[in-house]
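# An overview of the molecular structure
So the chains spell out like this:
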Amino acid sequence: MAMQLSGSINVKMSTLLTPFSVPAHPSPPIMSVRDRSYRQRRQHNRQSVSTAAQQGEGLQQQQPQPPFINTRPKSRTILTDPALAEMSLSEEEIEADMASAAKTASLWELLNNPEQDGTIFGNRARSATDANVLRRKGHLKEQDFLIDFMRRMHETHSCLEVMTKMEKWVNEHRKDPLRSRLKRLVPQLGQFFTPLHLVDAFLEYDEVFKLSRRKFIPPNFAELRHVVNIAQIHASAKNLRLITFDADGTLYADGCHFEQDNAMIAHIINLLQCDIHVAIVTAAGYPGEAHKFEGRLAGLLGSFRKLNLPAEVTDRFHVMGGECNYLLRVTPEDKRLEFVPDEEWKTEEMCRWHEDDIQYMLDGAEMLLMKGAKRLELEVSVMRKPRSVGIIPISPTIYEVLEDIALSAQTQLVANVPFCAFNGGNDVFVDCGNKSLGLQALMTFLGIQPHETLHVGDRFTLSGNDSATRDMCSVLWVADPNETGFFVRLLLKDIARSSLEAQHEQTMRRKLLLDV
Ligand code: IMP
Ligand code: MG
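Read on for an overview of the structure. (Residues numbered from 1 in each chain as written. Chains lettered and ligands numbered in written order. Predicted model: local features only at pLDDT ≥ 70, side-chain atom pairs only at ≥ 80, totals over all residues. Heavy atoms only, no water.)

### Some thoughts on the pairing of strand β4 (residues 277–281)
In plain terms, the rule: Per-residue accessibility, obtained with a 1.4 Å probe over protein chains only, is compared with the maximum for each type, and a residue is labelled buried under 20%, exposed over 50%, and partly exposed between these values. In this description a helix means any DSSP run of H or I spanning at least four residues, a strand means any run of E spanning at least two, and both kinds are numbered starting from the N terminus. Only strands that DSSP links by at least two bridges are regarded as paired with each other.
For β4, the tally of buried residues reaches five of five residues, placing the bulk of the element in the interior. Residues of β4 alternate between two faces, with His277, Ala279 and Val281 on one and Val278 and Ile280 on the opposite face, all of them buried. Bridge count for strand β3 (residues 242–245) against β4 is four bridges, and the pairing is parallel. Each bridged residue has a counterpart across the sheet, and for threonine 244 the counterpart in β4 is alanine 279. Of the strand pairs in this sheet, β4 and strand β5 (residues 317–321) are connected by four bridges, and their pairing is parallel. Bridge assignment links valine 281 to a residue of β5, and that residue is methionine 320.

### Comments concerning the coordination of the magnesium ion (ligand 2)
As a reminder, the rule being used: Each metal site lists N, O and S donors within 2.8 Å (3.2 Å for Na, K and Ca). With water left out of the atoms, a site can look as if it is missing ligands.
Of the protein atoms, only Asp246 (OD), Asp248 (O) and Asp458 (OD) coordinate the magnesium ion (ligand 2), at distances of 2.2 to 2.3 Å. One chain supplies every donor for the magnesium ion (ligand 2), spaced along it as D-x1-D-x209-D.

### Here's the deal with the side chain of arginine 387
Cut-off, in case you're wondering: We call two residues in contact when some of their heavy atoms are within 4.5 Å.
Among the structural elements, arginine 387 can be located in the loop between β8 (380–385) and β9 (388–393). Setting aside chain neighbours within four positions, we find arginine 387 in contact with Asn325, Tyr326, Lys346, Trp353, Glu355, Ile358, Leu362, Val430, Asp431 and Cys432.

### Examining helix α13 (residues 263–273)
Cut-off, in case you're wondering: Here a polar contact is recorded for every N or O atom pair within 3.5 Å, except that within protein the pair must consist of a potential hydrogen donor and a potential acceptor, and residues adjacent in sequence are included only if both atoms are side-chain atoms.
Every buried residue of α13 is accounted for by Met264, Ile265, His267, Ile268, Ile269, Leu271 and Leu272. Each element contacted by the buried residues of α13 is listed here: β3, β4, α15 (298–306), α16 (311–314), β5 and α22 (481–515). For α13, the side-chain oxygen to backbone nitrogen distance between the N-cap and methionine 264 is 2.6 Å, and the N-cap itself is asparagine 262. One or two residues past the end of α13 sits aspartate 275, with phi positive at roughly 70°.

### What about the sheet that holds β3?
Where we set the bar: Axis lines are fitted to C-alpha atoms, over the contacting stretch for helices. Their N-to-C directions set the angle, which ranges from 0 to 180 degrees.
Here seven strands make up an open sheet; going across it, the order is β7-β6-β5-β4-β3-β12-β13 and the pairing mixed. Strands at the two margins of the open sheet, each flanked by one partner only, are β7 (337–339) and β13 (474–477). Strand-to-strand twist across the sheet, computed as the mean angle between neighbouring axes with direction ignored, equals 25°. Of the strands in this sheet, β12 (453–457) and β13 touch helix α12 (residues 221–236), which is tilted by about 140° from β13. Packing of helix α21 (residues 435–446) onto the sheet brings it into contact with β3, β4, β5, β6 (326–330) and β12, and relative to β5 it is tilted by some 150°.

Shown next, in the form of structure tokens:
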């Protein structure tokens with residue numbers, strides 16, 4: 001299928017779409033007579049929802065649930081620390097836990113060495129796939145108040161109706177963000193820095209994935225996220241002056257680095273050559289050690305050198321490390337990284353942070369992280385740096401355990417300096433400052449406005465360190481580096497189209513002048 005974009009560019013949507021992890025299209029379930037199809041249910045719900053609900057008010061009743069509802073029994077062992085008492089275990093629970101400790105150890109063994117012993121779950125648990133099934137428990141990485149709200153709307157609306165209403169509500173919200181209908185329906189909502197043409201984006205996506213033709217299965221979280229991303233790309237492309245990327249999980253897999261042949265290298269260089277500033281905004285911070293940042297970006301810097309890119313182009317590349325604590329730029333000749341002196345870019349607020357307050361915050365954070373690890377019986381090593389502290393599991397664990405520790409630290413830490421406590425997927429860190437402050441400083445340094453900026457990241461949940469960027473600019477939420485590649489290609493096509501349109505307009509204007 002070819003998608004005709006105005007001008008002379010023809011984009012083959014199918015070629016763009018291949019890197020997506022294509023959502024599974026389950027075959028319709030075998031239905032009992034009492035089951036109702038998605039369409040029938042929607043019809044039924046529609047009839048039972050009042051006219052007011054159709055306009056949005058009825059949906060207001062379905063407020064999102066907090067991510068954690070404490071269902072623990074009332075009898076508790078009171079710990080000396082009152083903050084931890086709330087999360088403590090009852091005596092019976094502790095005894096039961098002790099009794100099952102030996103069993104747990106063998107369960108981990110089974111999960112890690114599935115071929116050794118099939119006794120716990122019988123022969124069916126012997127494969128590594130089964131072990132992965134047990135590890136992957138839920139959808140904690142997919143939490144968002146707006147997307148969840150859009151999903152719930154599908155109980156009473158068709159996909160197209162959802163997109164039409166949302167597009168209208170987003171426009172209203174942009175005009176009056178504090179009192180808009182969308183703010184009433186989704187109170188956690190922040191700002192939109194551009195309009196979002198959700199209907200067009202949906203139609204474009206639907207042409208390939210046929211969401212509107214599905215009878216039983218409404219769009220899932222990832223599909224809605226894709227539609228919103230596509231709308232955001234089309235909205236941002238024309239005025240884009242700065243694009244920032246999270247590193248781990250967005251540009252490369254967690255804990256990895258740019259390889260020489262990474263496809264993203266070409267995309268980043270293309271963006272720089274389109275006169276767009278590119279920055280990596282990452283939590284990873286290596287104070288005074290530019291070579292450690294260079295190590296993670298070696299493939300990219302090597303390509304800058306190989307292509308002999310002029311300083312005019314590489315000057316547009318920056319790295320913001322430690323969320324907001326270290327800014328680096330590319331040296332003009334040998335394309336290495338060097339720190340930009342603090343006085344050139346740090347905001348007044350950052351300059352006011354006292355070293356004592358920072359260390360006091362990190363001491364508190366370290367204590368909370370260690371308490372969390374102890375409570376969950378997780379063996380960890382501690383990494384303390386001048387502006388951050390983290391725990392790294394040394395025994396096998398799962399995402400949910402790290403999530404619990406991150407949220408505990410986030411809610412219990414009290415400090416005089418801003419901080420970001422987050423679940424890194426394989427570790428939990430508390431950093432001084434956050435990516436919103438990092439972006440604010442970078443945008444002021446470069447003289448760029450929020451509607452001209454786009455941040456691409458993989459962690460936008462409550463425990464994610466990309467969420468803060470939403471205060472400063474538009475965002476793209478990706479699930480992995482493959483999706484980053486896909487969306488950046490789409491963005492580059494849009495940028496090329498905009499520049500062709502601008503050239504065409506200029507030629508027409510010149511022609512008009514000559515005719516006169
Ligand atoms: P991001 O996704 O690029 O923001 O990087 C987050 C990851 O960087 C964390 O999950 C850690 O594995 C790693 N990291 C390395 N040093 C630090 C640090 O000082 N603070 C926070 N994260 C760090
Ligand atoms: Mg990340």
